[in-house]
Structures are given as structure tokens and as C-alpha cells.
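Commentary on secondary and tertiary structure
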Amino acid sequence: IAYLLRVLNYSEGKSGDFTSENAVKYAQNYFALTPSVTYYEWDDRGFLRDDMAAVTYRALSVKVKNGRGNTLADVLFKAGAFTSKQAAEAGIKLRQ
């Protein structure tokens, strides 16, 4: 989770946006995670690949910090990571 926050240009540390101790809680608030993907469930059953996939997919629609309103998907699209057709097929909305 901390990795995704850093990808979104959030910084870690005492003077940063989050710490390793509160990264999950910060992401829950920032990503607006659904009840099916919560820290409390992770406590009981562990954090699974399925959880990471869901959180990563959700992160694509989150605005990057200081990204001029661009989402992570917008940034990746502009970097050539995928085409607009691929985005549409995956249900990812781009600002372009």
C-alpha cells in the first residue's frame, strides 16, 4: 500500500503525508476503499493478490498529488503504458 501511495506522489515519513504505521488507513481514506477491501478483513485472512489487484485498479482513477488533476491512469497513458483502446476495454476513464 505504501508503494502505491508513493507512486501517487505521496511521501512517507514523519514530515510526509503518511507513515508506515498509518499507510493502510491513509489509503483507505484517500482511495475510498469499499468495505470488501478493508484493513480489517486483511487482519483476519491476510492481504491477498486479489486485494492488491483491486487496490491497484482503484488507484488508477485516483488523482496524483500535484498532478494538475491527472489521475494515475492519465499519467500512465501519457507515458505510453497503454492505449486509449486498452483503457476503454478495461473500463478505465481517461481525461486526455
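Everything below is about the structure shown above.
Residues numbered from 1 in each chain as written. Predicted model: local features only at pLDDT ≥ 70, side-chain atom pairs only at ≥ 80, totals over all residues. Heavy atoms only, no water.

**A look at the overall build of the chain**
A count of helical and extended segments in the chain gives six helices and zero strands. Along the chain, helices and strands appear, N-terminal first, in the series α-α-α-α-α-α. When burial is assessed residue by residue, the chain has 31% of its 96 residues classed as buried. In the chain, once contacts between residues fewer than 6 apart in sequence are set aside, the share between residues at least 24 apart is 32%. Of the roughly 6400 Å² of accessible surface on the chain, a fraction of 53% belongs to carbon and sulfur atoms. (Helix = DSSP H or I, 4+ residues; strand = E, 2+ residues; numbered from the N terminus. Buried < 20%, exposed > 50% of the residue type's maximum accessible area, 1.4 Å probe, protein only. Contact = heavy atoms within 4.5 Å. Areas by Shrake-Rupley, 256 points an atom, 1.4 Å probe, with all protein chains shown as cover.)

**Some words on the nonpolar core**
Counting 20 residues, the largest nonpolar core has Leu5, Leu8, Phe18, Phe31 and Leu72 as its most contacted members. Contributing elements (two or more residues each) for this core: helix H1 (2-7), helix H2 (23-31), helix H4 (49-59) and helix H5 (72-78). When residues no more than four places from it in sequence are discounted, the contact partners of phenylalanine 31 are Leu4, Leu5, Leu8, Val55, Arg58, Ala59 and Val62. (Core = buried A, V, L, I, M, F, W, Y, C linked by side-chain atoms within 4.5 Å.)

**A few points about the packing of aromatic side chains**
Tallying each qualifying case throughout the model produces three aromatic pairs. Chaining the aromatic ring pairs together yields one cluster made of Tyr10, Phe18 and Tyr26. (Phe/Tyr/Trp six-rings, centres within 6.5 Å; stacked < 30°, edge-to-face > 60°.)

**Structural notes on the environment of arginine 95**
Among the secondary structure elements, arginine 95 is positioned in the segment after helix H6 (84-89). In this structure arginine 95 comes out as exposed when scored by relative accessible area, which is 52%. Distance in space between the C-alpha atoms of arginine 95 and asparagine 70 is 7.4 Å, their sequence separation being 25 residues. From its side chain, arginine 95 meets the backbone oxygen of glycine 69 in a polar contact 2.8 Å long. (Polar contact = N/O pair within 3.5 Å; in protein donor to acceptor, adjacent residues only side chain to side chain.)

**Some thoughts on H4**
Note on helix geometry: an α-helix contains 3.6 residues per turn, so any two residues three or four positions apart are oriented the same way. For H4, every residue scored as buried is listed here: Asp51, Val55 and Ala59. With its buried residues spanning 70 degrees around the axis, H4 presents them on a single face. What points out from H4, more than 90 degrees from its buried face, is the exposed set Arg49 and Asp50. (Arc of directions from axis to C-beta.)

**Focus: H2**
Of the positions making up H2, those classed as buried are Ala23, Ala27, Gln28 and Phe31. Across the axial projection of H2, the buried residues extend over an arc of 140 degrees, all falling on one side.

**So, the pattern of salt bridges**
Here the idea is simple: oppositely charged side chains can pair when their charged atoms come close. Applying the stated rule across the entire model yields three salt bridges. Of the charged contacts in the structure, one is a salt bridge between lysine 65 and aspartate 17, with a shortest N-O distance of 2.9 Å. Of this pair, lysine 65 sits in the loop between H4 and H5 while aspartate 17 sits in the loop between H1 and H2; the two residues are 48 residues apart in sequence, bridging distant segments of the chain. A salt bridge links lysine 85 to glutamate 89, with the shortest nitrogen-to-oxygen separation between them at 4.0 Å. Of this pair, lysine 85 and glutamate 89 both sit in helix H6, four residues apart, which is roughly one turn of the helix. Take glutamate 89: its relative accessible area is 60%, and that puts it in the exposed class. (Salt bridge = Lys/Arg side-chain N within 4 Å of Asp/Glu carboxyl O.)

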